[in-house]
Amino acid sequence: SSPSTILYVDDVGLRTTVGASAAWTVTFTGSANPLRVLVLAGEGEARCTITVDGRVVAEDRITAQSPRRTVSCRA
């Protein structure tokens, strides 16, 4: 719910987005790499979801009260 830093692996390799908005998404086709998303959350809640062909294959979330400030998805 606040700007976050997002690290992810796509079909090109490791990418980083700093100051991502609350509704950040990325879409790409195919990869020899495993799909990975790591969100370093600011304040509030955060979640990550990996969807393949319309089906959720990985999901993680934290609330504003969570002591953990990262969410991680891997598929």
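Residues numbered from 1 in each chain as written. Predicted model: local features only at pLDDT ≥ 70, side-chain atom pairs only at ≥ 80, totals over all residues. Heavy atoms only, no water.

**Re the pairing of strand β6 (residues 70-74)**
This is how it is decided: For each residue, the accessible area found with a 1.4 Å probe, counting protein chains only, is set against the maximum for its type, and the residue is called buried under 20%, exposed over 50%, and partly exposed in between. Only DSSP runs of H or I with at least four residues qualify as helices, and only runs of E with at least two residues qualify as strands; both kinds are numbered from the N terminus onward. What makes two strands pair is DSSP finding at least two bridges between them.
Every second residue of β6 is oriented toward a common face, the buried set being Val 71 and Cys 73 and the non-buried set Thr 70, Ser 72 and Arg 74. Sheet topology places strand β3 (residues 36-40) next to β6; five bridges connect them, and they run antiparallel. Across the sheet, residue Val 37 finds its bridge partner in β6, namely Cys 73.

**Some words on the state of the cysteines**
The test is simple: What counts as a disulfide here is a pair of cysteine sulfur atoms lying within 2.5 Å.
Enumeration according to the criterion identifies one disulfide in this entry. Across a sulfur-sulfur distance of 2.1 Å, Cys 48 and Cys 73 are joined as a disulfide pair. Sign of the S-S torsion, about 100 degrees for the bond between Cys 48 and Cys 73, identifies this disulfide as right-handed. Here the residue Cys 48 occupies a position in strand β4 (residues 46-52), and Cys 73 occupies one in strand β6, the gap between them amounting to 25 residues. For the residue pair Cys 48 and Cys 73, the accessibility class agrees, reading buried in each case.

**What to know about the pattern of salt bridges**
How we decide: Salt bridges are identified by distance alone: a Lys or Arg side-chain nitrogen within 4 Å of an Asp or Glu carboxyl oxygen.
This structure, assessed with the given rule, holds two salt bridges. Two residues, Arg 68 and Asp 60, come together in a salt bridge whose shortest N-O distance is 2.8 Å.

**With respect to the confidence of the model for the protein chain**
Quick reminder of the rule: On a range of 0 to 100, pLDDT expresses the predictor's confidence in each residue.
Averaged over all residues, the pLDDT of the protein chain is 85; the fraction at 70 or higher stands at 96%. Averaged pLDDT values for the elements of the protein chain fall to 86 in strand β1 (residues 4-9) and rise to 93 in strand β5 (residues 55-62).

**What about the side chain of Ser 4?**
Note that Ser 4 resides in strand β1. Ser 4 gets classed as buried once you look at its relative accessible area, which sits at 10%.

**Description of the sheet that holds β6**
Stated precisely, the cut-off is as follows: Interaxial angle, 0 to 180 degrees, is taken between N-to-C directions of lines fitted to C-alpha atoms, where a helix line uses only the stretch in contact.
Read from one edge to the other, the open sheet built from four strands follows the order β2-β1-β3-β6, with strand pairing classed as antiparallel. Two strands lie at the open edges of the sheet, namely β2 (14-20) and β6, each paired on one side alone. The sheet shows a mean angle of 10 degrees between the axes of neighbouring strands, taken without regard to direction.

**Structural notes on the side chain of Asp 60**
We apply this condition: Pairs of N or O atoms are called polar contacts if they sit within 3.5 Å, as long as, within protein, a hydrogen donor faces a hydrogen acceptor (for residues adjacent in sequence, only side-chain-to-side-chain pairs). In what follows, a contact means two residues having at least one pair of non-hydrogen atoms within 4.5 Å.
Inspection of the secondary structure assignment puts Asp 60 in strand β5. By relative accessible area, Asp 60 is classed as buried at 18%. There is a polar contact of 3.0 Å between the side chain of Asp 60 and the backbone nitrogen of Ser 72. Discounting residues that sit within four places of it in the chain, Asp 60 has contacts with Ala 46, Arg 47, Cys 48, Arg 68, Thr 70, Val 71, Ser 72 and Cys 73.

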